[in-house]
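Per-entry structural report
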Amino acid sequence: MDRLEDLKSYRILDTPPENDFDELAEIASLICDTPISLISFVDEFRLWFKAKKGLEVTETPSRDSFCQHALHTPKKVFVVNDSLKDKRFKNTPLVTGHPKIRFYAGAPLETPNGNVLGTLCIIDDKPRTISANQEKALKILSKKVMDYLNTRNLLKTRKRKSKSMQKTSLN
């Protein structure tokens, strides 16, 4: 299945905030001691935030995003220790303007089909590193995001099938 088809099948884009996602993002910030954490999904044109801590905007253009780079490394946390020393990012609006990203670490949100939908990421406005244990924690949290999404998707599919069967039995 194509990555964007897989993303759309979850019906997550543009949905209201949900406490479970908000809490997972906050845990990531607490573990890594960062002012910003996000659960983000990358579609054709934008990076949309399902959960956000420390950031007010709900989306950014995907061309400027750090998360788009994590789409190609499903088993690895994508880390940029100092964005001003990275030619891919040093001149992007997210580095030169608000929120002045200097550090980024994003754990991929990988589907059972092997597609990466986005990331659970942490961001800081100063250069830094994360420990091996913090990186492991981000991977575990990103897996929990996907576990929740997969369960949510399964329940919605069952609910639709049940409604369809009820309509059929009434006819």
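Everything below is about the structure shown above.
Before going into details, it helps to say that this report is about the structure given with it. Think of each chain on its own: its residues are numbered from 1, step by step along the sequence as written. With the structure being a predicted model, the display of local features is reserved for residues of pLDDT at least 70 and the display and counting of side-chain atom pairs for 80 or more, all residues being used for whole-chain, interface and lining totals. Note that water and hydrogens are dropped before the side-chain values are worked out from all heavy atoms of the structure.

Further remarks concern the overall build of the chain. Here a helix means four or more residues in a row that DSSP labels H or I, a strand means two or more in a row labelled E, and each is numbered from the N terminus. What the chain contains, in helices and strands, is 5 helices and 6 strands. Each radius of gyration is computed over the set of C-alpha atoms, and the globule rule expresses the reference value as 2.2 Å times the number of residues to the power 0.38. Over its C-alpha atoms the chain spans a radius of gyration of 17 Å, differing by no more than 12% from the 16 Å that the globule rule assigns to 171 residues. Along the longest, intermediate and shortest principal axes, the C-alpha atoms of the chain span 65 × 30 × 30 Å. For the exposure calls, accessible area comes from a 1.4 Å probe over protein chains only, and a residue counts as buried if that area is under 20% of its type's maximum, exposed if over 50%, partly exposed in between. Within the chain, buried positions represent 47% of all 171 residues.

Before going further, it helps to examine the packing of aromatic side chains. Classification of ring pairs uses Phe, Tyr and Trp, with its six-membered ring standing for Trp, and accepts pairs whose centres are within 6.5 Å; under 30 degrees between planes counts as stacked, over 60 as edge-to-face, and the remaining range as tilted. A full pass over the atoms with the stated rule returns 6 aromatic pairs. Consider the rings of Phe-21 and Tyr-148, whose centres lie 4.8 Å apart with planes at 85 degrees: the pair is edge-to-face. In this pair, Phe-21 sits in helix H2 (residues 19-32) while Tyr-148 sits in helix H5 (residues 132-170), placing the two residues 127 residues apart along the sequence. The exposure class assigned to Phe-21 is buried, which follows from its relative accessible area of 0%. For Tyr-148, a relative accessible area of 27% corresponds to the partly exposed category. Here the aromatic residues Phe-66, Phe-78, Phe-89 and Tyr-104 are joined through ring pairs into a cluster of three or more.

What follows is about the side chain of Ser-62. The topology assignment puts Ser-62 in the loop between strand S3 (59-61) and helix H3 (67-70). When its relative accessible area of 9% is taken as the criterion, Ser-62 is described as buried. Contacts: residue pairs with any heavy atoms within 4.5 Å of one another. Sequence-distant contacts of Ser-62, that is, excluding residues within four places in its chain, are made with Val-42, Asp-43, Glu-44, Phe-45, Arg-46, Leu-47 and Gln-68.

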